[in-house]
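So you can see what is in the structure, the chains are spelled out below.
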Amino acid sequence: MRKSKTLARIRSGEPVRICALGHFMPPYIKYAAHYGFDCIWLDLEHRAMDQREVQALMAFFHRYDIDCMLRPSTLEKARLYRYLEDGASGLMIPHVSTPEKAKALVDACKFPPLGDRGLDGAGMDNDFMFFDEDYPARTNAETFLVVQIETPEAVENVDAIASVEGVDGLFIGTGDLGFRLKQSPDYPSLEDAIGQIATAAKKYNKAWGCPAGSPEALRQRRSQGAQLLARGGDLGALKQVLGEWQEEMDAVLG
């Protein structure tokens, strides 16, 4: 079984270098691996991709030895662990606001004794049936579950969420959370909320992180103890590079 670079980094106390992908772009996986990223956040919550496309991308993740942290558009139990069978290194689940939901996700994504994931063994995660009796234990040890903290309710419950065994990390959806916190003056600021989440993660020895839109943001979050650090994605890269190329063409061509 392929070992997770994300979990290796987390266990050694190092930062995990993450970038995002939302489209069927196999070369992007090669580029990210080449430039030293540990993990690609594959976004299926806000982007459309069919199951066969996802399965095809997993072959590239394995070929270039980089983790896939897949964010699904469903909470259906069998579909969640099928993504792991297809080769995802881990799942990142949006809008987890209660410990009960976190426990249900552990139930879906982890084999007993942690959860109640269905056993097959014929997927890419197990080299298509080249397995032995250690397969469930090795799978639990080398796949991860990250839950997203994106609502005021999640911030209120973050201590209980972080305490759930089988949850490996907390990832702050700063866009959703910041938007919701602004709806009421009774809520803490986004920075205060991030501090609460960081404290809960440290208390229960869980990794945490969020998107970082600049080098300064990366430094700030790392200084707060964040390990799951996401910087950039396919659309942002294309937008930036195309903009730079157009500036060059304007300068030369007028």
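To be clear, the structure that these remarks concern was listed above.
Reading the values: the criteria
- Residues numbered from 1 in each chain as written.
- Predicted model: local features only at pLDDT ≥ 70, side-chain atom pairs only at ≥ 80, totals over all residues.
- Heavy atoms only, no water.
- Buried < 20%, exposed > 50% of the residue type's maximum accessible area, 1.4 Å probe, protein only.
- Helix = DSSP H or I, 4+ residues; strand = E, 2+ residues; numbered from the N terminus.
- Pairing = 2+ DSSP bridges.
- Right-handed = clockwise from strand over helix to strand, strands pointing away.
- Axes fitted to C-alpha atoms, helices over the stretch in contact; angles between N-to-C directions.
- Parallel < 35°, antiparallel > 145°, perpendicular 65-115°, else oblique.
- Left-handed = near helix turned anticlockwise from the far one by under 90°.
- Contact = heavy atoms within 4.5 Å.
- Nonpolar A, V, L, I, M, F, W, Y, C, P; charged D, E, K, R; others polar.
- Expected span 1.5 Å × (residues − 1).
- Arc of directions from axis to C-beta.
- 1 Å grid on protein atoms, 1.4 Å probe; cavity = no way out; pocket = protein on both sides within 12 Å on 5 of 7 lines; lining within 4 Å.
- Points joined across faces, edges and corners; volume = space filled by probe spheres on them.

S.K.: Could you give me a rundown of the pairing of strand β1 (residues 16-21), with the residues and numbers involved?
M.R.: The element β1 is largely enclosed, with a buried count of five among its six residues. As defined by bridge partners, β1 adjoins strand β2 (residues 39-43) across four bridges and the pair is classed as parallel. Pairing of Cys19 across the sheet is with Ile40, part of β2. Remark: the β1/helix α2 (residues 26-34)/β2 crossover connection has right-handed handedness.

S.K.: Give a description of the packing of helix α9 (residues 174-181) against helix α10 (residues 190-203) that names residues and reports values.
M.R.: Two numbers describe how α9 lies on α10: the axes approach to 10 Å, and their chain directions differ by 125 degrees. The angle between α9 and α10 falls in the class oblique. Considering the relative orientation of α9 and α10, their crossing is right-handed. The segment α9 lies against α10, with Thr174, Leu177, Gly178 and Leu181 engaging Leu190, Ala193, Ile194 and Ile197. Split by residue class, the contact of α9 with α10 holds six nonpolar, two polar and no charged.

S.K.: Could you give an account of the sheet that holds strand β5 (residues 144-149), with specific residues and numbers?
M.R.: The eight strands lie next to each other as β1-β2-β3-β4-β5-β6-β7-β8, forming a closed barrel whose pairing is parallel. Averaged over all pairs of adjacent strands, the angle between their axes in this sheet comes to 25 degrees, without regard to strand direction. Against the sheet, helix α4 (residues 77-85) contacts β3 (67-71) and β4 (90-93), and its axis sits at roughly 145 degrees relative to β4.

S.K.: Could you give an account of helix α5 (residues 99-109), with specific residues and numbers?
M.R.: All of the buried residues in α5 are Pro99, Ala102, Leu105, Val106, Ala108 and Cys109. On the buried face of α5, the contacting elements are α4, β4, β5 and α8 (158-162).

S.K.: Which residues make up α10, and what values go with them?
M.R.: Since the α-helix packs 3.6 residues into each turn, any two residues three or four apart lie on the same face. Relative to the 20 Å expected for 14 residues at 1.5 Å per residue, α10 spans 20 Å between its end C-alpha atoms, a close match to the ideal helical length. When α10 is considered as a whole, its buried residues turn out to be Ala193, Ile194, Ile197, Ala198, Ala200 and Ala201. Looking straight down α10, one finds its buried side chains confined to an arc of 165 degrees; they lie on one side. Exposed side of α10, more than 90 degrees from the buried face: Thr199, Lys202 and Lys203 are the residues found there. Count one or two residues on from α10 and you reach Asn205, which has phi positive near 55 degrees.

S.K.: How would you sum up the layout of surface pockets? Please name residues and give values.
M.R.: Quantified by volume, the largest pocket comes out at close to 550 Å³. Lining of the largest pocket is provided by 19 residues; of these, Tyr28, Gly233, Gly236, Ala237 and Leu238 occupy positions nearest its centre. If you list the elements that add at least two residues to the lining of the largest pocket, you get α2, β8 (228-233) and α12 (234-253). The element that contributes the greatest number of residues to the lining of the largest pocket is α12, accounting for eight residues. Split into classes, the residues belonging to the lining of the largest pocket amount to 13 nonpolar, four polar and two charged. The wall of the second largest pocket is formed by 23 residues, among which Ile10, Asp168, Asn205, Lys206 and Ala207 lie closest to the centre. When contributions to the lining of the second largest pocket are tallied by element, the ones reaching two or more residues are α1 (5-11), α6 (135-142), α10 and β7 (207-211).

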